[in-house]
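Summary of structural features
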Amino acid sequence: MAILVTPQTKIIIQGITGDFGGRHAGLSLDYGTQVVAGVTPGKGGKFFEYKDQKVPVFNSVAEAKKATGATVSAIFVPPPYAADAILECVDAGLDLVVAITEGIPIKDMVRVKRAMQGKPTRVIGPNCPGVVTPGAGKDSTGGCRIGIAPGYIHKKGHVGVVSRSGTLTYEAVYQLTTRGIGQTTSVGIGGDPVNGSSHLDIIKMFNEDRDTRGIIMIGEIGGTAEVEAARWIKENCKKPVAGFIAGATAPAGRRMGHAGAIIGGAEDTAAAKIAVLKECGIEVAATPSDMADALIRAAKAKKVKLS
Amino acid sequence: MNIHEYQAKALCEKFGVPVPKGAAATSVADFPTALAQLPEGPTMVKSQIHAGGRGKGTFTNGFKGGVKFCKTKAEAREMASAMLGNTLVTVQTGPAGRKVQTVYFTVANDIKKEYYLAILLDRRTSRPVIIASTEGGVEIEKVAKETPEKIFKVFIDPAYGLADYQVRELVFGLGFNPAEAKNASKLIRSLYAMYWATDAAMVEINPLVTTPTGEVLALDAKVSFDDNSLFRHPEILSLRDLNEEDPKEIEASKHELNYIALDGSIACLVNGAGLAMATMDIVKHFGGNPANFLDVGGGASKEQVVAAFKIILGDKNVKGILVNIFGGIMDCDVIANGIVEAAKEVGLSLPLVVRLEGNNSVAGKATLSKSGLAITTGDSMADAAQKIVKLVA
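Sequence order as written defines the numbering, with residues in each chain counted from 1. Numbering of ligands from 1 and lettering of chains from A proceed in the order in which they are written. At least 70 in pLDDT is required for a residue's local features to be given in this predicted model, at least 80 for side-chain atom pairs to be given and counted, and no such filter applies to totals for whole chains, interfaces and linings, which use all residues. Just so you know, side-chain values use all the structure's heavy atoms and leave hydrogens and water out.

Right, let's get into the overall build of chain B. Along chain B, the regular secondary structure elements total 13 helices and 19 strands. Referenced to the eigenvectors of the C-alpha coordinate spread, the extents of chain B come out at roughly 80 × 50 × 40 Å. Across the 393 residues in chain B, those meeting the buried criterion constitute 54%. Taking contacts inside chain B between residues at least 6 apart in sequence as the whole, the part at least 24 apart equals 67%. Here a helix means four or more residues in a row that DSSP labels H or I, a strand means two or more in a row labelled E, and each is numbered from the N terminus. Buried residues are those whose accessible area, probed at 1.4 Å on protein chains only, stays under 20% of the maximum for their type, while exposed residues exceed 50% and partly exposed ones sit between those limits. Two residues qualify as a contact provided that any one of their heavy atoms is within 4.5 Å of a heavy atom in the partner residue.

Printed below as a string of structure tokens:
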């Protein structure tokens, strides 16, 4: 098993007729992902054509769901319309929304998050690379790729990866794969201060997933999400966990690319977070080159076989 | 995005938040016109820069204090002349300081007591939070640590907005008398309306003051905005003061590069914000000092790399460059060609270490080594970081 999505999961892509959404819809189809519908208001009835595949486009998420049985949507629509696109998925009762869009106004996400309270839909992102559950084929094809991550760097296996950063996630996955260690699912939760799912939400799922034997948690400066996850891990998670926190050299008060990566007080610096991670028994990678090796050390200490 | 105090106070007034009467001036010739708008009597003169600690700051010419109390308008005019055009160094500006290009004159009101009031996003609950304290005019972090019982917080449900009972909770908590309480309630509601309507990231009033006549005023105002929302607030965007920003950072934003200048000697050029931060960290780990944060985004086109090199080379402290690209989707060979062309175009003479990983990286590395340029390739982030640190040592 994996978390969030499996190779059988049927996906909608909102914004499939745009350059960005279309390009990644094609790459997901190449990966073997079940991209069954696109949504672009006003283009319903048309098709998204890629190689020999034709994906129907609908005017609304509800129509797309009804016609195809899709349960998940990936959002590639521009920032001013992205919050509305997420709410449309919630209203249509999808299981999961993966919001790739970068630059959504923070107030829009505050309102979306409030509107979702008590609803069964889960949101990953925004401003994230998405979710990949690797498949068993060549270069991990036959899996489920939602978003913009490179599929081929993955390998089907038993490690869960959760991160706020895109390229840093790829770095960790690639380190694992080149060491012959595969992944159950890799999840980018996004770099914004208000996001749909936290490190902890994803780590709880990895903890319950029988197939996942070890976890890499990648965080950065700003907020306290990594600290909350670490405290929970200490009490509840027996699986080996490795961590890395980016931004040890970041100056206070400056936004380091990600809207959420800003040091506000003494508690959200990299040093403070690393100290808590260590206290909670997480093997902290000394450098970003050390992420996979840190997990290997943690697994060895707990006598867990990662592959 | 940050704005100046005088701009923040104009915004406050627009939303019905009372502030002391004031007027700004950008030249000595403007001083009489600005001062004419204020009554005769005690006047404050305040340097307008985007940094805190102004009152305790020192100008590079030795003049002390970026904020001055003056008994008369004539004295205020004199003090303002000493500040305008000079460079103010505070605990927040760094040693280089900031040039004061605007001074702000305000009426110096009689103060009964100082309070603290701020509105910002609470990340844990994903809701706005109002923070208030009876201890104004001091650092709130210090109050939170030493006397947490003097801090009051209300979390606002974004579906309902600020509720009356929450305003009462704050007003009673702060211990205002009835006349003050009425004014403070109105001020808090107006300030929240401003926070919400303008997509502010943070509004901080420190100090909020009461006067002997029962008035409640925002004596200082610090406001910053969510950059993601500026597209729908042209009126806010027009308040941006480019004088307050690093010219290299302004140039970078024109090319959709995310650049932040630091004070080290190893320039970093990276795709992705997390990887860019991590690259700075690994340089430091191996004994080097990063000169900047630079995220070229997921892509890294030749045009962007050329622009990035030019910006990096504009920093005279830079002694070497580390390029770290994880080309997930993009062809690494295309990126390698872009780097080679960019290096030739800008006539790069500093040591350059490139770490390219991902799609078609073998061809990319071959392109780099065949280029005839003095490019060193790194196999991993650690390898590349160690190489550049050694090259600039």
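Residue and element names in this part refer to chain B. Between helix H10 (residues 302–313) and helix H11 (residues 332–345), the least distance of the axes is 9 Å, while the angle of their chain directions is 40 degrees. The angle between H10 and H11 falls in the class oblique. Crossing handedness for the pair H10 and H11: right-handed. Across the interface between the two elements, Lys302, Val305, Val306, Phe309 and Lys310 from H10 touch Gly338, Ile339, Glu341, Ala342, Ala343 and Glu345 from H11. Residues that form the contact of H10 with H11 fall into these classes: six nonpolar, one polar and four charged. Orientation is described by lines fitted to C-alpha atoms, with helices fitted over the stretch in contact, and by angles between N-to-C directions that extend from 0 to 180 degrees. Any angle that is under 35 degrees is reported as roughly parallel, and any over 145 degrees as roughly antiparallel; angles of 65 to 115 degrees are reported as roughly perpendicular and all others as oblique. We call a crossing left-handed when the near helix sits turned anticlockwise from the far one by less than a right angle, and right-handed when that turn is clockwise. Asp, Glu, Lys and Arg are counted as charged, while Ala, Val, Leu, Ile, Met, Phe, Trp, Tyr, Cys and Pro are counted as nonpolar; the rest, among them Gly, fall into the polar class.

When the centres of two rings from Phe, Tyr and Trp lie within 6.5 Å, Trp using its six-membered ring, the rings pair. Their planes under 30 degrees apart give stacked, over 60 give edge-to-face, and anything left gives tilted. Inspection of every chain in the model, using the stated rule, returns nine aromatic pairs over all chains. Ring centres of A:Tyr174 and B:Phe326 lie 5.4 Å apart, and the angle between their planes is 80 degrees; on these two criteria the pair is classed as edge-to-face. With A:Tyr174 in helix H5 (residues 166–178) and B:Phe326 in strand E17 (residues 320–327), this residue pair bridges two chains. Judged by its relative accessible area of 21%, A:Tyr174 falls in the partly exposed class. Taken together through their ring pairs, the aromatic side chains of A:Tyr170, A:Tyr174 and B:Phe326 make up a single cluster.

A few words on the interface of chain B and chain A. With 48 residues of chain B in contact, the opposing surface of chain A contributes 56 residues. Defined here as a combined quantity, buried area equals the accessible surface (1.4 Å probe) lost by two parts on assembly, summed across both. Of the roughly 3,900 Å² buried between chain B and chain A on both sides combined, carbon and sulfur atoms contribute 61%. Salt bridge, as applied in this entry: a Lys or Arg side-chain nitrogen positioned within 4 Å of an Asp or Glu carboxyl oxygen. Joining chain B to chain A, the criterion identifies four salt bridges. At the level of secondary structure, the elements contributing two or more residues to the side of chain B that touches chain A comprise strand E9 (127–133), helix H6 (178–197), strand E14 (258–261), helix H9 (273–285), E17, strand E18 (352–358) and helix H13 (381–392) of chain B. It is H9(B) that provides the largest number of residues to the side of chain B that touches chain A, a total of 10 residues. Of the residues assigned to the side of chain B that touches chain A, the class counts are 22 nonpolar, 13 polar and 13 charged.

On to the sheet that holds strand E4 (residues 67–70) of chain B, then. Two pairing modes exist for strands in a sheet, parallel and antiparallel, and in both the strands are linked by backbone hydrogen bonds. All names here are of chain B. Pairing is antiparallel in the open sheet, where four strands are placed in the order E1-E7-E2-E4. Each edge of the sheet is formed by a strand with only one pairing partner; in this case those strands are strand E1 (22–25) and E4. The mean inter-strand angle of the sheet, taken between neighbouring strand axes irrespective of direction, is 20 degrees. Only when DSSP finds a minimum of two bridges between them are two strands counted as paired. Judged from the five bridges that link them, strand E2 (residues 43–47) and strand E7 (residues 103–107) form a sheet pairing that is antiparallel. Looking at the pairing, Lys46 lines up with Tyr104 of E7.

In this section: the pattern of salt bridges. With the rule as written, the count across this model stands at 27 salt bridges over all chains. Ionic pairing is found between A:Lys273 and A:Glu226, a salt bridge with its closest N-O pair at 2.6 Å. Linking A:Lys273 in helix H8 (residues 270–279) with A:Glu226 in helix H7 (residues 225–236), this pair joins segments that are 47 residues apart in sequence. With respect to burial, A:Lys273 and A:Glu226 carry one shared label: buried. Residue B:Lys222 pairs with B:Glu204 through a salt bridge whose shortest N-O separation is 3.8 Å. Here the residue B:Lys222 occupies a position in strand E13 (residues 222–225), and B:Glu204 occupies one in strand E11 (residues 200–210), the gap between them amounting to 18 residues. Put simply, B:Glu5, B:Lys9, B:Lys46, B:Arg54 and B:Asp220 are held in one network by salt bridges that share partners.

This part covers the domain arrangement of chain A. Residue and element names in this part refer to chain A. Domain assignment breaks chain A into domain 1 (10–124) and domain 2 (155–301). Each partner contributes to the interface: domain 1 provides eight residues, whereas domain 2 provides 12 residues. Summing both partners gives a buried area of about 810 Å² for domain 1 against domain 2, and 61% of it is carried by carbon and sulfur. Put simply, domain 1 and domain 2 have one salt bridge between them. For Arg122, the salt bridge is made with Asp201, and the minimal N-O distance between the two is 3.7 Å. In protein, a polar contact requires one atom able to donate a hydrogen and another able to accept it; more generally it is a pair of N or O atoms within 3.5 Å, and residues adjacent in sequence count only if both atoms are side-chain atoms. The interface formed by domain 1 and domain 2 includes three residue pairs in polar contact (both at pLDDT 80 or more). For the domain bounds, the source is a domain assignment made automatically or taken from a database.

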